[in-house]
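Secondary and tertiary structure notes
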Amino acid sequence: IKLPSITGYIIAGLVLGQSLLGMIHQEIAHQLTSVTEIALGIIALTIGGEFYHQKLRKIGSTIFIMIFFEVIGAFILVTTVLYFVGLDIRYALILGAISTATAPAATVIIIRELRARGNFIDFLYGIVAFDDALCVIIFSIIFALVAPLLSGTGIHSGSSVIIGAFHAIKELFLSCLLGLTGGVFLHFSTRKKYKTNEILIISLAVIFLTTSIAIVLNLSLLLANMFLGAILVNLSLKNKRIFQIIEPITPPVFALFFILAGTELDIKVFSKGIVIVYGLIYILTRFTGKYLGIYISSVLTSAPLNIRKYMGLCLFPQAGVAIGLALFVQTSPVMNSAPAAVSEFLVLLVNIVLFSIFVNELIGPAISKFGIVKGAEL
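Residues numbered from 1 in each chain as written. Predicted model: local features only at pLDDT ≥ 70, side-chain atom pairs only at ≥ 80, totals over all residues. Heavy atoms only, no water.

With that out of the way, let us pick up the packing of helix 7 (residues 104–114) against helix 13 (residues 250–263). The interhelical angle for the contact between helix 7 and helix 13, taken along N-to-C directions, is 145 degrees, at an axis separation of 12 Å. Note on packing geometry: the crossing formed by helix 7 with helix 13 is left-handed. On the side of helix 7, the interface is formed by Ala105, Ala106, Ile109 and Arg112, while helix 13 contributes Thr250, Phe254, Phe257 and Phe258. Looking at the contact of helix 7 with helix 13 residue by residue, the classes come out as six nonpolar, one polar and one charged. (Axes fitted to C-alpha atoms, helices over the stretch in contact; angles between N-to-C directions. Helix = DSSP H or I, 4+ residues; strand = E, 2+ residues; numbered from the N terminus. Left-handed = near helix turned anticlockwise from the far one by under 90°. Contact = heavy atoms within 4.5 Å. Nonpolar A, V, L, I, M, F, W, Y, C, P; charged D, E, K, R; others polar.)

Here it is, written out as structure tokens:
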């Protein structure tokens, strides 16, 4: 039926998960989180491998203007519309911040399946790579501002916002530093190796170590591995062979990753009308904000017409980062002192995000594939 294979994996996970057959229950899914982490590490490495300095020089500042506009576009539109349809401004701000995240996994796998190349794909790689970094900063600032209002402690000047922003920037800096260290180490460990098996074992060891250190230190494994890939490709083009050697082992890992993502989807989120209403508004305003952000910034920077028309379509998928941020709000220590009414509303907030991801995961890959096929002129 010409849908991306990712959609099939996600549907398989949904069928096997708790919602339907129950063959993969939550305990098994939690025990297999390392599969998800490894897959995300390899996906991030793939993105980083596209950041060759000559490509970046050609793209210039245009890509960062686009990222800023699409992220801010989603944040402003989601927050504003949800507030005007009756959602408390505190929750509208949190959902607005979460809406800025984009899932790079689906986009990267579709690009690899289609073997797409060219200027459009270079722009797309750059946008999905740095999108989540800006999302983390915005979310940290918004949560630092809103948390005292939710917990009932009030605002203690602007210090909480500054502290939140500082922690976000520190996390991003340390993640990049970890990736830099891993990239340099992998380069010097493999530059005189010629046996494929040796290079594969060393490469996987460094990716696993980088990923596990990032998790233990509460850093961004996506950013760390992305930086690792960027450092590798810029130290020597010979390092491209590392990406080629890893590629054959990735299909089953990616299949498992998306099947496990499917098991996390819960049909019960459709049982509440308020979740569906707010969820649909969230989905539509997020997509509109990102599409308009790309379109406006493309006009301002005189970007090619194909980027202006189709790049926004490739930013529809949303998954892991959004779920993580929503659950972070609900389980944050700051929320322990929150009134019961606030705690109940936070459950609603998580369900809105889960509903959005349910829809995004099923139709997002198909929309992304259409955008990539049209934009890259395949």
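Still more ground to cover, so stick around.
A few words on the confidence of the model for the chain. Looking at the chain as a whole, its pLDDT mean stands at 82, while 91% of the residues score no less than 70. Summarising per-element confidence for the chain, the mean pLDDT is lowest in helix 16 (residues 320–331) (68) and highest in helix 10 (residues 196–216) (92). (pLDDT = per-residue confidence, 0-100.)

As a further point, take the packing of aromatic side chains. Summed over the entire model, instances satisfying the criterion amount to six aromatic pairs. Ring geometry for Phe257 against Phe258: centres 4.8 Å apart, planes inclined by 80 degrees, an arrangement best described as edge-to-face. Where Phe287 meets Tyr291, the ring centres are 6.2 Å apart and the plane angle is 40 degrees; that geometry is what we call tilted. One end of the pair is Phe287 and the other is Tyr291, both in helix 14 (residues 273–300) and four residues apart, which spans about a single turn. Classification of Tyr291 as partly exposed rests on a relative accessible area of 25%. By the ring-pair criterion, three or more aromatic residues cluster together here, those being Phe287, Tyr291 and Phe316. Lys240 extends its terminal NZ or CZ atom over the ring of Phe243, reaching a point 5.8 Å from the ring centre. (Phe/Tyr/Trp six-rings, centres within 6.5 Å; stacked < 30°, edge-to-face > 60°. Buried < 20%, exposed > 50% of the residue type's maximum accessible area, 1.4 Å probe, protein only. Lys NZ or Arg CZ within 6 Å of the ring centre and 35° of its normal.)

Within the structure shown, the criterion is met by four salt bridges. Residue Arg112 pairs with Glu247 through a salt bridge whose shortest N-O separation is 3.6 Å. Of this pair, Arg112 sits in helix 7 while Glu247 is found in the loop between helix 12 (240–246) and helix 13, placing the two residues 135 residues apart along the sequence. One salt bridge connects Lys193 with Glu198, and the closest N-O pair in it is separated by 3.9 Å. (Salt bridge = Lys/Arg side-chain N within 4 Å of Asp/Glu carboxyl O.)

Within helix 6 (residues 89–99), nine of the eleven residues are buried, leaving the element largely enclosed by the surrounding structure. Every buried residue belonging to helix 6 is among Tyr91, Ala92, Leu93, Ile94, Leu95, Gly96, Ala97, Ile98 and Ser99, and all of these are buried. Of the residues flanking the start of helix 6, the one acting as N-cap is Asp88, its side-chain oxygen 2.8 Å from the backbone nitrogen of Arg90. (Polar contact = N/O pair within 3.5 Å; in protein donor to acceptor, adjacent residues only side chain to side chain.)

Looking at the secondary structure, you find Leu186 in helix 9 (residues 159–190). Remark: the alpha-carbon pair of Leu186 and Ile202, spanning 16 residues in sequence, is separated by 7.4 Å. Every residue in contact with Leu186, bar those within four places of it in the chain, is listed here: Ile202, Ser203, Val206, Leu228, Leu232 and Ile242.

This brings us to the nonpolar core. Residues Ile47, Ile98, Phe120 and Leu124 are the most contacted members of the largest nonpolar core, which totals 103 residues. The element that contributes the greatest number of residues to this core is helix 8 (residues 119–151), accounting for 16 residues. Not counting residues up to four positions away in its chain, the partners in contact with Ile98 are Phe139, Tyr282, Gln318, Ala322, Leu325, Ala326, Leu349 and Val353. Counting residues in each nonpolar core, the second largest holds five residues, with Leu178, Ala214, Leu219 and Leu221 among its members. (Core = buried A, V, L, I, M, F, W, Y, C linked by side-chain atoms within 4.5 Å.)

Quick look at helix 17 (residues 340–375) now. The terminal C-alpha atoms of helix 17, which comprises 36 residues, lie 48 Å apart, in line with the 52 Å expected from a rise of 1.5 Å per residue. Along helix 17, the sharpest change in direction is near 45 degrees and occurs at Ile363; proline Pro365 comes one to four residues later. Residue Glu377 follows helix 17 closely and has a positive phi angle near 55 degrees. (Expected span 1.5 Å × (residues − 1). Bend = angle between axes of the 7 residues up to and from the residue.)

Our next topic: a nonpolar patch on the surface. On the surface, a cluster of nonpolar side chains totalling about 610 Å² of accessible area is made up of Ile11, Val15, Leu20, Leu21, Met23, Ile267 and Phe270. Mapping Ile267 onto the fold places it in the loop between helix 13 and helix 14. Relative accessible area serves as the criterion here: at 34%, Ile267 is assigned to the partly exposed category. (Patch = residues over 30% accessible without salt bridge, like charges linked within 9 Å, V, L, I, M, F, W, Y side chains within 5 Å. Areas by Shrake-Rupley, 256 points an atom, 1.4 Å probe, with all protein chains shown as cover.)

Turning to unusual backbone geometry, a few remarks are in order. Glycine aside, negative phi is the norm for most residues, and most peptide bonds take the trans geometry. Despite not being glycine, Arg115 has its phi angle at roughly 55 degrees, a positive value. Considering the arrangement of structural elements, one finds Arg115 in the loop between helix 7 and helix 8. By relative accessible area, which is 69% here, Arg115 ends up exposed. Phi is positive for Glu377, close to 55 degrees, though the residue is something other than glycine. For Glu377, the location among the structural elements is in the segment after helix 17. On the accessibility criterion, Glu377 (65% relative accessible area) is exposed.

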